[in-house]
Amino acid sequence: MPKTVIVTGASSGIGRATAHHFADAGWNVVATMRDVSAAGDLADVDNVHVAPLDVLDHRSIGAAVDEALDRSGQIDVLVNNAGYASFGPIEATPIDAFRRQFETNVVGLVAVTQAVLPSMRSRRSGVIVNISSPAGKIGFPLGSAYCGSKHAVEGISEAMSHELALVGVAVKIIEPGAIRTDFATRSLDLHADAVPVDYQPLVDATRASFATIDDTASPPEIVAQVVFEAATDGNDRLRYTAGDDAAGMIDARASAGDEAFVRGLRARVTGSA
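Residues numbered from 1 in each chain as written. Predicted model: local features only at pLDDT ≥ 70, side-chain atom pairs only at ≥ 80, totals over all residues. Heavy atoms only, no water.

Novice: I keep staring at the pattern of salt bridges and nothing clicks. Help me out?
Specialist: Close approach of charged atoms lets side chains of opposite charge pair. Following the criterion strictly, the structure yields 11 salt bridges and no others. A salt bridge links R239 to E154, with the nearest nitrogen and oxygen atoms 2.7 Å apart. Of the two residues, R239 is situated in strand β9 (residues 239-242) and E154 in helix α4 (residues 144-164); the sequence distance between them amounts to 85 residues. Classification of R239 by relative accessible area gives partly exposed; the value is 24%. Assessed through its relative accessible area of 3%, E154 is described here as buried. Close ionic contact of K172 with D233 constitutes a salt bridge, the shortest N to O distance being 3.2 Å. On the criterion of sequence distance, the pair formed by K172 in strand β7 (residues 169-176) and D233 in the loop between α6 (220-232) and β9 is long-range, its members being 61 residues apart. Judged by relative accessible area, which is 29%, D233 ranks as partly exposed. (Salt bridge = Lys/Arg side-chain N within 4 Å of Asp/Glu carboxyl O. Helix = DSSP H or I, 4+ residues; strand = E, 2+ residues; numbered from the N terminus. Buried < 20%, exposed > 50% of the residue type's maximum accessible area, 1.4 Å probe, protein only.)

Structure (structure tokens):
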């Protein structure tokens with residue numbers, strides 16, 4: 001029997017590329033998304049089943065997981081990819097934006113994981129793959145909401161990796177760098193209105209950086225390859241980077257040391273470098 005993977009946020013970018021990669025490898029793929037009309041060419045792949053799933057709607061999570069189990073009998077891999085980025089000065093970012101960021105990127109990830117785990121635990125087999133970011137290791141300016149959510153994903157993933165080892169379930173963290181997706185458009189919530197003048201230059205620079213991110217970004221297929229490797233390598237490695245820029249940023253912090261790295265980043269932000 002082919003193995004089965006559930007991918008959240010599969011309507012575009014990393015999620016879509018990951019669904020295609022597993023399908024090309026002969027897996028049964030349950031590609032989930034909020035709006036199934038956005039499935040595009042995934043809907044035409046024989047071993048891909050498109051299902052509605054909104055990580056903010058726990059009923060839809062349960063329904064999608066039940067449907068996957070009814071169709072395939074088991075879930076071998078869960079890829080928690082659904083999410084977006086909220087950026088802006090902390091002083092000008094509404095509390096509701098923080099709530100939505102954490103409800104989507106963190107609570108939604110936990111809810112989908114909780115729905116899948118009973119079947120994995122009963123079989124004492126399975127892999128949970130959580131999409132993080134270098135922002136899970138580094139606090140970037142204007143990224144208090146997004147970086148906070150990805151730091152939470154890293155902490156939750158590492159913590160649960162220990163307990164799930166007791167029941168034969170592996171946990172993997174993927175840290176992609178700049179990827180050519182809709183991150184800077186549909187998946188970005190930039191709070192740039194009514195920003196105090198003190199922060200405006202940083203907001204303008206951040207907006208310009210996002211506008212050109214695709215010029216140097218890696219294709220999402222790079223991440224899909226790493227996700228597949230992590231899901232199938234059978235070892236207990238926890239973290240994987242995807243893209244040279246991600247590895248470079250994380251290695252730079254590790255080699256410089258925490259204090260020196262933070263001081264250097266702050267100097268660049270304040271213009272004192």
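Novice: In this structure, what is going on with the nonpolar core? I would like to understand it.
Specialist: Here is a general trend for soluble globular proteins: nonpolar side chains tend to be buried in one another's company. Residues V29 and I174 are the most contacted members of the largest nonpolar core, which totals 30 residues. Looking at this core, the elements with two or more residues in it are β1 (4-7), α1 (13-24), β2 (28-33), β3 (48-52), β4 (77-80), β6 (126-131), α6 and β9. The leading source of residues in this core is α6, at 6 residues. In this structure, V29 is in contact with V5, A19, F22, A23, N47, V48 and H49, ignoring residues within four places of it in sequence. (Core = buried A, V, L, I, M, F, W, Y, C linked by side-chain atoms within 4.5 Å. Contact = heavy atoms within 4.5 Å.)

Novice: Looking at this structure, I do not really get the packing of aromatic side chains. What am I missing?
Specialist: The geometry of an aromatic ring pair comes down to the distance between the two centres and the angle between the two planes. Scanning the entire structure with this criterion turns up 5 aromatic pairs. For the ring pair F22 and F228, a centre distance of 5.0 Å and an interplane angle of 65 degrees mean the geometry is edge-to-face. Residue F22 is found in helix α1, and its partner F228 is found in helix α6; the two are separated by 206 residues along the sequence. Each of the two residues, F22 as well as F228, counts as buried. Here the aromatic rings of F87 and F210 are separated by 5.2 Å at their centres, their planes lie at 80 degrees, and the arrangement is edge-to-face. (Phe/Tyr/Trp six-rings, centres within 6.5 Å; stacked < 30°, edge-to-face > 60°.)

Novice: Even after reading the chapter, I still don't get the packing of helix α2 (residues 58-72) against helix α3 (residues 95-123), so can you show me in this structure?
Specialist: The packing of two helices is summarised by the inter-axis angle and the distance between the axes. At their nearest, the axes of α2 and α3 sit 9 Å apart, and the two run at 30 degrees to each other. Classified by the angle their axes make, α2 and α3 are roughly parallel. In this structure, the crossing between α2 and α3 has a hand that is right-handed. Where α2 approaches α3, its residues H58, I61, V65 and L69 are matched on the opposing element by A111, V112, A115, V116 and S119. (Axes fitted to C-alpha atoms, helices over the stretch in contact; angles between N-to-C directions. Parallel < 35°, antiparallel > 145°, perpendicular 65-115°, else oblique. Left-handed = near helix turned anticlockwise from the far one by under 90°.)

Novice: What's the story with α2 in this structure? I'm lost.
Specialist: Each α-helix turn comprises 3.6 residues. Residues three or four places apart therefore point the same way. Here α2 contains 15 residues, and its C-alpha end-to-end distance of 21 Å stays within 8% of the 21 Å for a straight helix at 1.5 Å per residue. Where α2 is concerned, the buried positions are S60, I61, A64, V65, A68 and S72. When α2 is viewed along its axis, its buried side chains cluster within an angular range of 130 degrees and face the same direction. With respect to the buried face of α2, the exposed residues turned more than 90 degrees away are R59 and D70. Buried residues along α2 sit in contact with β1, β2, β3 and α3. Backbone nitrogen of R59 and a side-chain oxygen of the N-cap are separated by 3.1 Å at the start of α2; the cap is D57. Two residues or fewer past α2, G73 is found with a positive phi of approximately 85 degrees. (Expected span 1.5 Å × (residues − 1). Arc of directions from axis to C-beta. Polar contact = N/O pair within 3.5 Å; in protein donor to acceptor, adjacent residues only side chain to side chain.)

Novice: When you look at the side chain of S132 in this model, what are you seeing that I'm missing?
Specialist: By secondary structure assignment, the location of S132 is in the loop between β6 and α4. Given the relative accessible area of 4%, S132 is considered buried.

Remember, this is a structural readout, not a statement about activity or role.
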